[in-house]
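Chain by chain, the residues run as shown.
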Amino acid sequence: MKQDLRGKRSNGNVYEYRTNEVMNVRKTCKCGHVMELELRTVVYAKKVEIRNVPVFACTDCISYEVLQPVKPDLKECISKLGEQPVKQDLSFGKQNELADLFHEQLLAWPDASDREMAHHMQQAVNERINLLLDIMGYAQKSGDEEWIETTERRLSQLSGFVWQAHFSNAV
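All of the points below concern the structure found in this document.

With that settled, consider the nonpolar core. Counting 44 residues, the largest nonpolar core has Ile50, Val53, Leu98, Phe102 and Val125 as the members making the most contacts within it. The set of elements that each furnish at least two residues to this core consists of strand E3 (34-44), strand E4 (48-58), strand E5 (63-66), helix H1 (71-81), helix H2 (97-108), helix H3 (114-142) and helix H4 (145-159). Considering every element that reaches this core, the biggest residue donor is H3, with 9 residues. The residues contacting Leu98, other than those within four sequence positions of it, are Leu67, Pro69, Val70, Met121, Val125, Gln157, Leu158 and Phe161.

As structure tokens, then:
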């Protein structure tokens, strides 16, 4: 496992991307070379490590692209940390269902091809949605508004995900 400490500046803060795991999922970079989907640790403000963020990385032009469906939750997570965060280590899977499923599937199927991973992910997404719908039923029966809201948020992170929409130009 390699460690990549190149940084990118945004709003005056430096973000570092460190490789955790590489998946056999690819797409074409703007430069024409291959980008691989990696679960990376995003280091924010040199104090906060956010683990297992799905990021496409191109080793040729050294560019990074956060997987589009998880980007809003990563922005929200960083926003909540503020400009002067305390030192901490977070798992992005606790913030985003899709990131959690990518991590689980990578651990379960480390050598899966693009097609195999597409199948495993779609199956995992469907199973998680079914589980969350069951949980929603219990939350509604209990009348727990916070539980309902949390479950709705988790469902929304998965319900719109279509593999082909994000990996259609995979090589």
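Alright, that's what it looks like, and here's the rest.
Attention now goes to the packing of H2 against H3. Axis separation between H2 and H3 bottoms out at 10 Å; the angle between their running directions is 130°. With respect to their mutual orientation, H2 and H3 come out oblique. Here H2 runs over H3; the crossing is right-handed. Note on element contacts: H3 touches H2 through Met117, His120, Met121, Ala124, Val125, Arg128 and Leu132, opposite Glu97, Leu98, Asp100, Leu101, Phe102, Glu104, Gln105 and Leu106. Looking at the contact of H2 with H3, its residues break down into 9 nonpolar, 2 polar and 4 charged.

What follows deals with the pattern of salt bridges. Within this structure, the stated rule accounts for 8 salt bridges. The shortest N-O distance in the salt bridge between Glu38 and Arg40 comes to 2.5 Å. Just as Glu38 is buried, Arg40 falls in that class too. Connected through salt bridges with shared partners, the residues Glu97, Asp100, Glu104, Arg128 and Arg154 form a single ionic network.

This brings us to a negative patch on the surface. On the surface, Asp144, Glu145, Glu146, Glu149 and Glu152 cluster together into a patch of negative charge. Position of Glu152 among the secondary structure elements: in helix H4. Looking at Glu152, the relative accessible area reads 43%, which means it is partly exposed.

We now examine the packing of H3 against H4. Their axes nearest at 9 Å, the elements H3 and H4 cross at an angle of 160°. Between H3 and H4, the angle falls in the class roughly antiparallel. Seen from above, H3 lies across H4 with left-handed handedness. Contacts between H3 and H4 involve Val125, Arg128, Ile129, Leu132, Leu133, Ile135, Met136, Tyr138, Ala139, Gln140 and Ser142 from the first element and Trp147, Ile148, Thr151, Glu152, Arg154, Leu155, Leu158 and Ser159 from the second.

Basis of the calculations
- Residues numbered from 1 in each chain as written.
- Predicted model: local features only at pLDDT ≥ 70, side-chain atom pairs only at ≥ 80, totals over all residues.
- Heavy atoms only, no water.
- Core = buried A, V, L, I, M, F, W, Y, C linked by side-chain atoms within 4.5 Å.
- Buried < 20%, exposed > 50% of the residue type's maximum accessible area, 1.4 Å probe, protein only.
- Helix = DSSP H or I, 4+ residues; strand = E, 2+ residues; numbered from the N terminus.
- Contact = heavy atoms within 4.5 Å.
- Axes fitted to C-alpha atoms, helices over the stretch in contact; angles between N-to-C directions.
- Parallel < 35°, antiparallel > 145°, perpendicular 65-115°, else oblique.
- Left-handed = near helix turned anticlockwise from the far one by under 90°.
- Nonpolar A, V, L, I, M, F, W, Y, C, P; charged D, E, K, R; others polar.
- Salt bridge = Lys/Arg side-chain N within 4 Å of Asp/Glu carboxyl O.
- Patch = residues over 30% accessible without salt bridge, like charges linked within 9 Å, V, L, I, M, F, W, Y side chains within 5 Å.
- Areas by Shrake-Rupley, 256 points an atom, 1.4 Å probe, with all protein chains shown as cover.
- Lys, Arg positive; Asp, Glu negative; His and termini not counted.
- Charge placed at Lys NZ, Arg CZ, Asp CG, Glu CD.

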